[in-house]
Amino acid sequence: MKNIYMSNIEEYICLFNSKNNIFNDINWIEPIFITMVRAYQNDEKVDIFTNSSYLRSMIIQEYKPNKTYSPIEKIKNRNGLDKISTHLTEIMLKNFSELSPADTKDLKNYLQYLFIELMNNVADHADSSVGGYVMAQYYPTNKKIQFAVADRGIGFLTNLKLKFNIDTEEEAIIKALEKGVTATKQKMYGYEKNAGFGLYAMFEILNITGGKFIIISNDTLLRYENGSFKSKKLESPWKGVVVAFEFDEANINYDMDYFNKNYLWSEIVNDEDEDYF
């Protein structure tokens, strides 16, 4: 029986090759795999067959309201993403009734910010004919949330090599984690429409809260856990991008105002201070 986690997802990407449509003998799956199945299913236009009742219910969209996991939501563009982010956050917050009001507010702000930023990345940069798919789930035993988004687009390297001197998917992923890096060419009020904070903000939030994440772009996987990065070339490449993170309830240490001031807008704040003094 297959137990498919965020921690071993690379072992099962081979299931998405050669128009395979049989996903049997699955004992355990997480949102990262489910979103990949949905993106693969629609991109390859295959009917998925599985003896896993949970996977079957998710891929044929027989979702029933549940406080531990969300439905799979589809992303095509930015329209409606605020609504999706709010819905995912509300479902997740139902599991945190014992948090103080202050911690509940912090968690809500963190999750909504992370959800919307990662969905914006898909809408703006994926160039995926089937869009992207997102899902979140709460695990009461470990008191953690996993969020995943998967698309079947062009990946990081194709997006970023037009603006930066990079040659590999690994270089492109690492570049995308830098503050202010974006592939967008659209301008608004003289500035790039996408400020390039999405993956950078995810990294910083998960870094200060003890979380972990994984990014897959075509033939490369980058994993962040316990304060360090590990990357590998995939024997079975994925077409497009997958981003998933895990966020632990026990590590809600900073409010969103603190994060904005010290991580997102620190240069702006410092510039303003210099102007006054």
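Note that the structure is predicted; figures quoted are calculated from it, not measured.

**Details of the packing of aromatic side chains**
And step 1. All chains considered together, the criterion is met by 20 aromatic pairs.
And step 2. Between Phe115 and Phe147 the ring centres are 4.6 Å apart and the planes differ by 25 degrees, which places this aromatic pair in the stacked class. Placement of Phe115 in helix H4 (residues 101-125) and of Phe147 in strand S5 (residues 144-151) is noted, with a sequence separation of 32 residues between them.
And step 3. Take Phe115: its relative accessible area is 0%, and that puts it in the buried class.
And step 4. Note on Phe115 and Phe245: the rings are 6.4 Å apart at their centroids and 25 degrees apart in plane angle, and the pair reads as stacked. Note that Phe115 is positioned in helix H4 and Phe245 in strand S11 (residues 241-248), a separation of 130 residues in sequence.
And step 5. Judged by its relative accessible area of 0%, Phe245 falls in the buried class.

**A word on the confidence of the model for the protein chain**
And step 1. When pLDDT is averaged across the protein chain, the result is 85; 87% of the residues are at 70 or more.
And step 2. Considering only residues more than four positions removed or in separate chains, one finds that residues 185-195, a stretch of pLDDT under 50, has 18 contacts.

**Examining the sheet that holds strand S4 (residues 132-139)**
And step 1. One open sheet accounts for seven strands, arranged S3-S4-S5-S11-S8-S9-S10; its pairing is antiparallel. The open sheet terminates on both sides in strands that have one partner only, identified here as strand S3 (73-75) and strand S10 (228-233). The mean inter-strand angle of the sheet, taken between neighbouring strand axes irrespective of direction, is 15 degrees.
And step 2. Helix H6 (residues 169-176) contacts strand S8 (212-217), strand S9 (220-225) and S10 of the sheet and is inclined by roughly 40 degrees relative to S9.

**Some points on the pairing of S11**
And step 1. Burial within S11 is extensive, with seven of its eight residues counted as buried.
And step 2. Inspection of the sheet shows S5 paired to S11 by seven bridges, in the antiparallel sense. In the strand pairing of S11, Gln146 is matched with Glu246.

**Side note on the pattern of salt bridges**
And step 1. Here the structure, examined in full by the defined rule, presents 11 salt bridges.
And step 2. We note a salt bridge from Glu10 to Arg223, for which the minimum N-O separation is 3.1 Å. On the criterion of sequence distance, the pair formed by Glu10 in the loop between strand S1 (2-3) and strand S2 (26-28) and Arg223 in strand S9 is long-range, its members being 213 residues apart. Neither residue differs from the other here; Glu10 and Arg223 are each classed as buried.
And step 3. Measuring nitrogen to oxygen at the nearest pair gives 3.2 Å for the salt bridge that ties Lys144 to Glu246. Taken together, the positions of Lys144 in strand S5 and Glu246 in strand S11 put the pair 102 residues apart, joining distant regions of the chain.

Here is what the cut-offs are and how they apply
Residues numbered from 1 in each chain as written. Predicted model: local features only at pLDDT ≥ 70, side-chain atom pairs only at ≥ 80, totals over all residues. Heavy atoms only, no water. Phe/Tyr/Trp six-rings, centres within 6.5 Å; stacked < 30°, edge-to-face > 60°. Helix = DSSP H or I, 4+ residues; strand = E, 2+ residues; numbered from the N terminus. Buried < 20%, exposed > 50% of the residue type's maximum accessible area, 1.4 Å probe, protein only. pLDDT = per-residue confidence, 0-100. Contact = heavy atoms within 4.5 Å. Pairing = 2+ DSSP bridges. Axes fitted to C-alpha atoms, helices over the stretch in contact; angles between N-to-C directions. Salt bridge = Lys/Arg side-chain N within 4 Å of Asp/Glu carboxyl O.

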